[in-house]
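# A closer look at the structure
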There are 2 protein chains.
Amino acid sequence: MSRRDRPAKPALSQETIVDAAMVLLDADGLDGVSMRRVAQALDTGPASLYVYVRNRDELIGLLIDRIAGTITLPVVGPDTDWREQLIELMLNGIKALGRYPGVAVAMFANVPDSPNALALTDALLGLLTQGGLSRQARAWAVDLLALYIVAAGTEETLHAQRGTEELRKTDVHRGAREVFAGLPAEQYPNITDLHEELTYGTAEQRTRWSIDVMINGILATDAKPS
Amino acid sequence: MSRRDRPAKPALSQETIVDAAMVLLDADGLDGVSMRRVAQALDTGPASLYVYVRNRDELIGLLIDRIAGTITLPVVGPDTDWREQLIELMLNGIKALGRYPGVAVAMFANVPDSPNALALTDALLGLLTQGGLSRQARAWAVDLLALYIVAAGTEETLHAQRGTEELRKTDVHRGAREVFAGLPAEQYPNITDLHEELTYGTAEQRTRWSIDVMINGILATDAKPS
DNA sequence: ACCTGAACACCGTTCAAGT
DNA sequence: ACCTGAACACCGTTCAAGT
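The structure reproduced in this document is the subject of the present report. (Residues numbered from 1 in each chain as written. Chains lettered and ligands numbered in written order. Predicted model: local features only at pLDDT ≥ 70, side-chain atom pairs only at ≥ 80, totals over all residues. Heavy atoms only, no water.)

## Notes on the environment of Asp43(B)
By the element assignment, Asp43(B) lies in the loop between helix 2 (35-41) and helix 3 (56-69). Asp43(B) sits in the partly exposed class, given a relative accessible area of 42%. (Helix = DSSP H or I, 4+ residues; strand = E, 2+ residues; numbered from the N terminus. Buried < 20%, exposed > 50% of the residue type's maximum accessible area, 1.4 Å probe, protein only.)

## Some details on the nonpolar core
Counting 141 residues, the largest nonpolar core has Val38(A) and Val38(B) as its most contacted members. In this structure, Val38(A) is in contact with Ile17(A), Ala20(A), Ala21(A), Leu24(A), Val33(A), Leu49(A) and Leu59(A), ignoring residues within four places of it in sequence. (Core = buried A, V, L, I, M, F, W, Y, C linked by side-chain atoms within 4.5 Å. Contact = heavy atoms within 4.5 Å.)

## Focus: helix 11 (residues 203-220) of chain A
Each α-helix turn comprises 3.6 residues. Residues three or four places apart therefore point the same way. With 18 residues, helix 11 of chain A ought to run about 26 Å at 1.5 Å a step, and its terminal C-alpha atoms sit 26 Å apart, in line with that. For helix 11 of chain A, the set of buried residues is Arg206(A), Thr207(A), Trp209(A), Ser210(A), Ile211(A), Asp212(A), Val213(A), Met214(A), Ile215(A), Asn216(A), Gly217(A) and Ile218(A). (Expected span 1.5 Å × (residues − 1).)

## With respect to the interface of chain B and chain A
On the side of chain A, 62 residues touch chain B, which itself brings 62 residues to the contact. Buried surface at the junction of chain B and chain A, summed over both partners, amounts to about 5600 Å²; 68% is from carbon and sulfur atoms. Put simply, chain B and chain A have 6 salt bridges between them. When the shortest N-O distance is used, the salt bridge between Arg206(B) and Asp143(A) registers 2.8 Å. Looking at the side of chain B that touches chain A, the elements that each hand over two or more residues are helix 6 (115-130), helix 7 (135-165), helix 8 (172-181), helix 9 (189-193), helix 10 (195-198) and helix 11 (203-220) of chain B. Broken down by class, the residue content of the side of chain B that touches chain A amounts to 35 nonpolar, 14 polar and 13 charged. (Buried area = accessible area lost by both parts, 1.4 Å probe. Salt bridge = Lys/Arg side-chain N within 4 Å of Asp/Glu carboxyl O. Nonpolar A, V, L, I, M, F, W, Y, C, P; charged D, E, K, R; others polar.)

## Here we look at the protein's contact with DNA strand D
Neighbouring residues of DNA strand D: 15 residues in total, closest Thr44(A), Tyr52(A), Arg36(B), Tyr50(B) and Arg56(B). The contact in question runs from a phosphate oxygen of DNA strand D to an N or O atom on the backbone of Arg56(B), over 2.9 Å. The element contributing the most residues to the surface near DNA strand D is helix 2 of chain B, with 3 residues. Of the residues assigned to the surface near DNA strand D, the class counts are 7 nonpolar, 4 polar and 4 charged. (Near = heavy atom within 4 Å. Polar contact = N/O pair within 3.5 Å; in protein donor to acceptor, adjacent residues only side chain to side chain.)

This is how it looks when you write it as structure tokens:
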């Protein structure tokens, strides 16, 4: 309880603050990362944090950069398959974001200007260049792919959050299928007709298909449509 | 200030609660819709709301359904252009979500099981059927398209929120371009190379291109990839 | 059944005062 | 310069008590 019972009483700094926040994020998701809880973990009052961090939003930005840094970027060689690497990179990004409930949502807010987020964007662009796309197609494509990574990551974390909360026994798919199947056919003819197909496949299969669709679409679409 | 100065002192009900919440949403975005503020607008205490609404999440769900109801669904005729209608429907959806800061994000959380959200899904499926897609392709495609609508809507509202806050003078594009242009070329070669293209085009142009890409991709992709 | 005052357990952020 | 106690202005939700 007293000072000397603690490991090493780290001096306050932006890094130690982000470290502490990361521990809380791991345990309780972004909702668990409050200024007060971070301060408590560091054995101070919340006001002390504001010396090293402008506000909670900036702290979240720093967490995002940490997470973005864990995504392994592809090593581009002379005869690597750009398409397979692109898919792999996107799946890695989605998985990384999926690990931390609430973080991906926060990425919608700002242009990703943190070092690790920029590195990811640059890597995506590099792979698209290998794909032989026009300059404008590459530029617009990276926007779409980045949006998808964030969106798919968000979906994953929020489903996970729900899952732990209440209905982990009946998995989401089964639940959704029954909802779809039980709908009035006159009102929603297309949904009821396809209720089996709508819930078919694992999350990874479905994500892979979506990524495939986008790559095929990018290759097939001129960068300046009518 | 007293009772008789007010219009008609509406009796409390789920509908009046959602009405009041909608007014707050319009004025201040989802952050402005707190149980306490809604109660205040209805001249009661927050506890009273819990008779008609399980919790804030359910209230938000009701708001989402209201907004989904404002999206005009396409009237399918014998010789209408399914592709153009699909694009139009998606743009309408994105615009509807874009009007209310914070709402689109909330849609990631749950499978959209509200009447109006289901109607939108059914309409999308109908158009995809007209496009001659296989059953499985339609089912997976509607997932991807719905995810994009929510993601693009989220992006729009959050940018709008930021915009009103601080930097409305220098628009986002100009800001982003300068950020990209000023980056170290050794570290981010692809971004700096394409910094002009990365910020080229209006939001609608870019969105249209993305939708085009997805439709082309869906048409080109078998529903059961390796 | 419906409504409510009061409380519980939290938030982010600021600011004057201390060292 | 860094740190902090205390306060300000909020939250969602519950619950006993009233009508």
